[in-house]
Number of protein chains: 2
Amino acid sequence: MTYCVGMMMDRGLVFMSDTRTNAGMDNISTFSKTKIWETKGDRVITLLSAGNLATTQAVVSELDEREKAREDRNPSILDVPSMYQAARMIADTLRDVIARHSDTGQRASSVFNATLILGGQIAGGPPRLFLIYPEGNFIEAGPDTPFFQIGEIKYGRPILVRAYDPASSFAEAVKLLLVSFDSTVKANLTVGAPFDYHLYEADSLVRGKTGRIELDDPYYRTISDGWSEALKQALHSLPAFDAPAQP
Amino acid sequence: MTYCVGMMMDRGLVFMSDTRTNAGMDNISTFSKTKIWETKGDRVITLLSAGNLATTQAVVSELDEREKAREDRNPSILDVPSMYQAARMIADTLRDVIARHSDTGQRASSVFNATLILGGQIAGGPPRLFLIYPEGNFIEAGPDTPFFQIGEIKYGRPILVRAYDPASSFAEAVKLLLVSFDSTVKANLTVGAPFDYHLYEADSLVRGKTGRIELDDPYYRTISDGWSEALKQALHSLPAFDAPAQP
């Protein structure tokens, strides 16, 4: 499993992904699920992936290959004129990769599916955020649905639903995401630290800040330990239930 | 779907269940998922059920039938000498009901499975809490796993994991459960108010307090509205993320 979130903020885009992949319970590895393409001053494109690792790596490799062989009739992700075109290209690539492996007649115990979050900005357009399905179609974030989650989304969703604020600073957004990730990690063994983040400032057209937060990162420990206490305080601040007298 | 929780507390047992059942998205009804058997001074047994409604109703009806026809060679749930025997009887009944419907050759779009939470006390023994699987086996709560959830458990789990305290009063426990239920309701359409609760005081051997909390219950509104604010405050109380300088 996996847990990734992409959020559309007033100040830009914020991404976070875990790094655990597993084939069964006893074959666990660490892989980055964040891929960033950048052409300074022209475009920054970030892709987060959940699902079959062979599929998501094939999608990224396929896109990278095209970038290296520009003469090819396939356009590169560094050439497409808009984020919508980028989403279409990646969605088509994803669908093709899945179809290719499904056609071999091989049967795996897990399906070859993958789901992607794509966000970024290309000069001339605004920052945009997409959720791409394994069928090759996709939806775009907007004011009503300003963030996307993929993978093991349920444990970490309530805090996002309640506390997401598009006007937050990146520093506040990362804090919110760490709480959401920590809730997930505490409940599901197939999601695990370290967490990769990417903070893209709107209209900067440069990569911005990226980094990895390890399990023993002092700030993560502060959030993880502090959140239990803060939650208990929050609960304490609400009035207790007074059961009505029984008939 | 469904959401039910049974919690083992120092002061006794606390149960809560939602009441929504649905067959598809457009066939929604309200059914109580809590069943209580009581013989004052001798036993109080509470059963919460998640899964196929026909299955869970058949289990309860079967147990009620036996209670009415005591001459039958099958013992009644009002006769069994211990909570362990009660758990075995209910688990066997559940497995039999599922097997009976699976044997007809009929195929339904959803399976006939159900999962149950059983809790209560029979004179001579302590209060006990069990989780019963559709296969007819079960596990018991203890200090390490003092509560069970069934149905749509993920959204409401993080708050339980963080804030459950066996020493809480019933009033605090119901507040905690309402927060957990509210987080679930906000994320999943197949879980819905009203919520049924049962507060069983250890060693009382009488039913205790039961009731139903409606969507427009003023206390529930206070919790639901207040929790968003309290969560934001809790988040605010933690330090913001300070991204390291980029290389």
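These notes cover the structure that comes with them. Since the structure is predicted, the reported quantities are computational estimates derived from the model, not experimental observations.

**Here's the deal with the sheet that holds strand β9 (residues 138-140) of chain A**
All names here are of chain A. Strands sit in the order β5-β6-β7-β8-β9 across an open sheet of five strands; the sheet is antiparallel. Taken across any chain shown, the strands that pair with only one partner, and hence form the sheet edges, are β5 (34-39) and β9. Put simply, the sheet's adjacent strands are angled 15 degrees from each other on average, direction ignored. Looking at chain direction, strand β6 (residues 43-51) and strand β7 (residues 114-122) are connected through nine bridges and run antiparallel. Bridge assignment links S49 to a residue of β7, and that residue is L116. Contacts between helix α2 (residues 83-102) and the sheet are confined to β5, β6, β7, β8 (128-132) and β9, with β7 contributing the most and set at about 160 degrees to the helix.

**A short note on the interface of chain B and chain A**
Listed by partner, the interface residues are 44 residues for chain B and 44 residues for chain A. Per-residue buried area on chain B facing chain A is highest for R162(B), L235(B) and F241(B); these three make up 22% of the total on that side. Counting every contact that joins chain B to chain A gives four salt bridges. E152(B) is paired through a salt bridge with K154(A); the nearest N and O atoms lie 3.0 Å apart. Seen at the junction of chain B and chain A, the total is 18 residue pairs in polar contact (both at pLDDT 80 or more). Mapped onto the side of chain B that touches chain A, the elements with two or more residues apiece are α3 (157-163), α4 (170-185), β11 (195-201), β12 (209-213) and α5 (218-236) of chain B.

**A look at the sheet that holds strand β12 (residues 209-213) of chain A**
Residues and elements named next belong to chain A. Spatially, the five strands line up as an open sheet ordered β10-β1-β2-β11-β12, and their pairing is antiparallel. Of all strands in the sheet, those with a lone pairing partner are β10 (147-151) and β12, marking the two edges. Direction aside, neighbouring strands of the sheet carry axes that sit 10 degrees apart on average. Where strand β11 (residues 195-201) lies against β12, five bridges are found, and the strand directions are antiparallel. Bridging across to β12, Y197 finds its partner in G211.

Basis of the calculations
Residues numbered from 1 in each chain as written. Chains lettered and ligands numbered in written order. Predicted model: local features only at pLDDT ≥ 70, side-chain atom pairs only at ≥ 80, totals over all residues. Heavy atoms only, no water. Pairing = 2+ DSSP bridges. Helix = DSSP H or I, 4+ residues; strand = E, 2+ residues; numbered from the N terminus. Axes fitted to C-alpha atoms, helices over the stretch in contact; angles between N-to-C directions. Contact = heavy atoms within 4.5 Å. Buried area = accessible area lost by both parts, 1.4 Å probe. Salt bridge = Lys/Arg side-chain N within 4 Å of Asp/Glu carboxyl O. Polar contact = N/O pair within 3.5 Å; in protein donor to acceptor, adjacent residues only side chain to side chain.

Interpretation note: all reported values are geometric properties and have no functional meaning in isolation.
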